[in-house]
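Geometric and topological summary
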Amino acid sequence: MAETLFFNALREATDEEMARDKTVFVLGEDVGHYGGSYKVTKDLCKKYGDLRVLDTPIAENSFTGIAVGAAMTGLRPIIEGMNMGFLLLAFNQISNNAGMLRYTSGGNFKIPMVIRGPGGVGRQLGAEHSQRLEAYFQAVPGLKIVACSTPYNAKGLLKSAIRDDNPVLFFEHVLLYNLKENLPDHEYLVPLDRAEVVRSGKDVTILTYSRMRHHAMQAVKQMEKKGYDPEVIDLISLKPLDMETIGASVRKTHRVIIVEECMRTGGIGAELVARINEQLFDELDAPVVRLSSQDIPTPYNGTLENLTIVQPQQITEAVEKMMALQI
């Protein structure tokens, strides 16, 4: 086991897959000689050369289109978005091209590409750099969407995403890059379509993902002191949702709280509420509760920024309120 920073876990995954498979290459703004804005591609240009770690102009629609074409012809591109919000400029290439070409070609083309990079609410990055794009893309057919939350699952998920024959949107949180964790010395993969039961419990199911996993676990410390026994599930796979793991938990606890950094309207939580009500309604002893970000552009002011997203104390209070409604 070796202690590894989150961004280095992503770098190790990229390095190992590039060494294993010569069709894997990286492209994006400043990914080459600069090593990436968060150093996920540091020194890979020296090791693999300019054609496999390709610095691009500031033209997201163009280099995303290049990646789709490369994937169609047998390569495995990894796009690094300097900030995931910038990839809105490539929405057409991601949705109409990457997401649909395997279907519209009758299966003649595979699109094995990964689109990864930092997103989420950081520390005073302003509205345009605090985007959460998972809600934008969840309705697009043909895409897989995952959100990593620890160095361990970041590395294992990225390796799995690179090997997958479908386009994978790979969301990283800008405030998790310096997180540390001991990683195995041997190779491992994490499945793209499975949630993780972070903590088993019997009182209430907390569904969360990305940075909010850590907020939920902070809240758990307070809940334990008050005698509550919550189950915490990190969704990881946002598309498809792992309803098997979610269903097993709901059948045990009969109560659900969703904690997300995504916006409330049309967010991942909204889809979860719909699925749970459709498939597990008879198992519920209380209405599903959603704790989501405010439906406003993220303020630059630090105090206001914190008020827009869910804090650990709010999670604890939501559990207390729900448990007070026991039937």
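Please read all numbers here as calculations on a predicted model, not as lab measurements. (Residues numbered from 1 in each chain as written. Predicted model: local features only at pLDDT ≥ 70, side-chain atom pairs only at ≥ 80, totals over all residues. Heavy atoms only, no water.)

**Side note on the packing of helix α9 (residues 243-253) against helix α10 (residues 268-280)**
The condition that has to hold: Inter-axis angles, ranging from 0 to 180 degrees, are taken between N-to-C directions of lines fitted to C-alpha atoms, where helices are fitted over the stretch in contact. Under the scheme used here, helices are H or I runs from DSSP no shorter than 4 residues and strands are E runs no shorter than 2 residues, and both carry numbers assigned from the N terminus. Working rule for handedness: look at the near helix, and if it is turned counterclockwise from the far one by less than a right angle, call the crossing left-handed; if clockwise, right-handed. Contacts: residue pairs with any heavy atoms within 4.5 Å of one another. Amino acid classes used here: Ala, Val, Leu, Ile, Met, Phe, Trp, Tyr, Cys and Pro are nonpolar; Asp, Glu, Lys and Arg are charged; the rest, including Gly, are polar.
Put simply, α9 and α10 touch, their axes get as near as 11 Å, and they point 65° apart. For the crossing formed where α9 meets α10, the hand is right-handed. Packed against α9, whose contacting residues are M243, I246, G247, V250 and R251, the element α10 presents L272, R275, I276, Q279 and L280 at the interface. Across the contact of α9 with α10, the residue classes break down as 6 nonpolar, 2 polar and 2 charged.

**Description of the packing of aromatic side chains**
Centre distance and the angle of the planes are the two values used to describe a pair of aromatic rings. Condition: Within 6.5 Å between ring centres, the rings of Phe, Tyr and Trp (the latter by its six-membered ring) count as paired, and their orientation is classed by plane angle as stacked under 30 degrees, edge-to-face over 60, tilted in between. Relative accessibility under 20% of the residue-type maximum defines a buried residue, over 50% an exposed one, and the middle range a partly exposed one, all with a 1.4 Å probe and only protein chains included.
In this structure the tally under the stated criterion is 4 aromatic pairs. With a centroid separation of 4.9 Å and an interplanar angle of 20°, the aromatic rings of F91 and F137 are classed as stacked. Residue F91 is found in helix α4 (residues 91-98), and its partner F137 is found in helix α6 (residues 134-137); the two are separated by 46 residues along the sequence. Residue classification places F91 among the partly exposed positions, given a relative accessible area of 28%. For the ring pair Y152 and Y188, a centre distance of 4.3 Å and an interplane angle of 5° mean the geometry is stacked. Here Y152 is found in helix α7 (residues 151-163), whereas its partner Y188 is found in the loop between β8 (180-183) and β9 (196-199), with 36 residues between them in sequence. On the basis of relative accessible area, Y152 is assigned to the partly exposed category, the value being 32%.

**Describing α9**
What α9 keeps buried is the set M243, T245, I246, G247, S249, V250 and T253. Just downstream of α9, H254 is the residue with a positive phi angle, here 65°.

**Some remarks on the nonpolar core**
The nonpolar side chains of soluble globular proteins are, as a tendency, buried together. To keep things clear, this is the line we draw: Here the nonpolar core consists of buried residues drawn from Ala, Val, Leu, Ile, Met, Phe, Trp, Tyr and Cys, with membership extended through side-chain atoms lying within 4.5 Å.
Counting residues in each nonpolar core, the largest one holds 46 residues, and the members touching the most others are M113 and L207. V31, C148, F170 and Y188 belong to the second-largest nonpolar core, a separate cluster that totals 32 residues.

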